Amino acid sequence: MINIGINQTHREDIAAGLNQLLADSYSLYLKTHSFHWNVTGPLFTSLHLLFEQQYTELALAVDLIAERVRALGSRALGSYSAYAALTEIKEDQGITKAEIMIRELLQDQEVIIRHARALFPLVSQAHDEATADILTQRIQLHEKNAWMLRSLLSE
């Protein structure tokens, strides 16, 4: 029996939202890592490093998100098929052009921002400050990443 001041229904619903965030984050991790390996062109060095920074941060984030799901008493999803069934983030389709990579990663960062933000009303209603803190940090980081990617695109 879990008695942390959040009722079971809220814990289960919040965990489901966090599993969505986990699926999105892991999918973006894989895609960003692939783009890191495969980027070409005159921006190679800067994008190679930027993508590495972003996928490294995502690798740490998925652990934090999964551990919060567990703390709420639910099972953290941990398979490609489970992630693929939940996420809107499309896999790397063999893209090699840097500008297309940047545009796709920008859209994917925004998917995560929207999903994290959509979970806030439930988290607030349940008075789940720990999850709210994670969501705030995730939103802040993904908004910064989106801004950096957007800044690389020509107007």
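Please refer to the structure higher up on the page.
Residues numbered from 1 in each chain as written. Predicted model: local features only at pLDDT ≥ 70, side-chain atom pairs only at ≥ 80, totals over all residues. Heavy atoms only, no water.

Draft legend 1. Focus on the nonpolar core. Counting 45 residues, the largest nonpolar core has Leu 18 and Phe 51 as its most contacted members. Listed by contribution, the elements that provide at least two residues to this core are α1 (8–38), α2 (44–71), α4 (98–125) and α5 (129–152). Ranked by residues supplied to this core, first place goes to α4 with twelve residues. If sequence neighbours within four positions are ignored, Phe 51 has contacts with Thr 32, Phe 35, His 36, Val 39, Met 101, Leu 105 and Leu 149. (Core = buried A, V, L, I, M, F, W, Y, C linked by side-chain atoms within 4.5 Å. Buried < 20%, exposed > 50% of the residue type's maximum accessible area, 1.4 Å probe, protein only. Helix = DSSP H or I, 4+ residues; strand = E, 2+ residues; numbered from the N terminus. Contact = heavy atoms within 4.5 Å.)

Draft legend 2. Expanded view of the pattern of salt bridges. Counting across every chain of the model gives seven salt bridges. Each of the salt bridges in this network shares a partner with another, and the network as a whole consists of Lys 31, Glu 104 and Asp 108. (Salt bridge = Lys/Arg side-chain N within 4 Å of Asp/Glu carboxyl O.)

Draft legend 3. Region of the structure containing the packing of aromatic side chains. A full pass over the atoms with the stated rule returns five aromatic pairs. Aromatic pair Tyr 26 and Tyr 80: ring centres 6.4 Å apart, planes at 50°, arrangement tilted. Here Tyr 80 lies in helix α3 (residues 80–86) and Tyr 26 lies in helix α1, a separation of 54 residues in the sequence. Here Tyr 26 falls in the partly exposed class, since its relative accessible area comes to 23%. Given the relative accessible area of 59%, Tyr 80 is considered exposed. Between Tyr 26 and Tyr 83, the aromatic rings sit 5.2 Å apart at their centres with planes inclined by 35°, giving tilted as the arrangement. Here Tyr 26 is found in helix α1, whereas its partner Tyr 83 is found in helix α3, with 57 residues between them in sequence. Taken together, the ring pairs in this structure connect Tyr 26, Tyr 29, Tyr 55, Tyr 80 and Tyr 83 into an aromatic cluster. (Phe/Tyr/Trp six-rings, centres within 6.5 Å; stacked < 30°, edge-to-face > 60°.)

Draft legend 4. Spotlight on the environment of Arg 75. With respect to the helices and strands, the residue Arg 75 is situated in the loop between α2 and α3. Excluding anything up to four places from it in sequence, Arg 75 contacts Asn 19, Val 69 and Arg 70.

Draft legend 5. Spotlight on the packing of α1 against α4. α4 packs onto α1 with a crossing angle of 165° between their chain directions and a minimal axis gap of 10 Å. By the angle class used here, α1 and α4 are roughly antiparallel. The handedness of the crossing between α1 and α4 comes out as left-handed. Each residue belonging to the contact of α1 with α4 can be placed in one class, and the counts come to 13 nonpolar, nine polar and five charged. (Axes fitted to C-alpha atoms, helices over the stretch in contact; angles between N-to-C directions. Parallel < 35°, antiparallel > 145°, perpendicular 65-115°, else oblique. Left-handed = near helix turned anticlockwise from the far one by under 90°. Nonpolar A, V, L, I, M, F, W, Y, C, P; charged D, E, K, R; others polar.)

Draft legend 6. Inspection of the side chain of His 10 at higher detail. Secondary-structure assignment places His 10 in helix α1. Looking at His 10, the relative accessible area reads 16%, which means it is buried. Discounting residues that sit within four places of it in the chain, His 10 has contacts with Leu 122, Gln 125 and Ala 126.

Draft legend 7. Here's a closer look at α4. An ideal rise of 1.5 Å per residue puts 40 Å on 28 residues; α4 measures up with 42 Å between its terminal C-alpha atoms. Of all the bends in α4, the greatest reaches close to 25° and is centred on Leu 119; the proline Pro 121 follows between one and four positions later. (Expected span 1.5 Å × (residues − 1). Bend = angle between axes of the 7 residues up to and from the residue.)

Draft legend 8. Geometry of the packing of α2 against α5. Contact pair α2 / α5: the axes reach a minimum separation of 12 Å and the direction vectors enclose 165°. Here α5 runs roughly antiparallel to α2, going by the angle between their axes. At the point where α2 passes α5, the crossing takes the left-handed sense. Of α5, the residues touching α2 (which contributes Leu 47, Leu 50, Phe 51, Gln 54, Glu 57, Leu 58, Ala 61, Leu 64, Ile 65 and Arg 68) are Ala 130, Thr 131, Ile 134, Arg 138, Leu 141, His 142, Asn 145, Met 148, Leu 149 and Leu 152. Grouping the constituent residues of the contact of α2 with α5 by class yields 13 nonpolar, four polar and three charged.

By themselves, these figures tell us nothing about what the structure is for.
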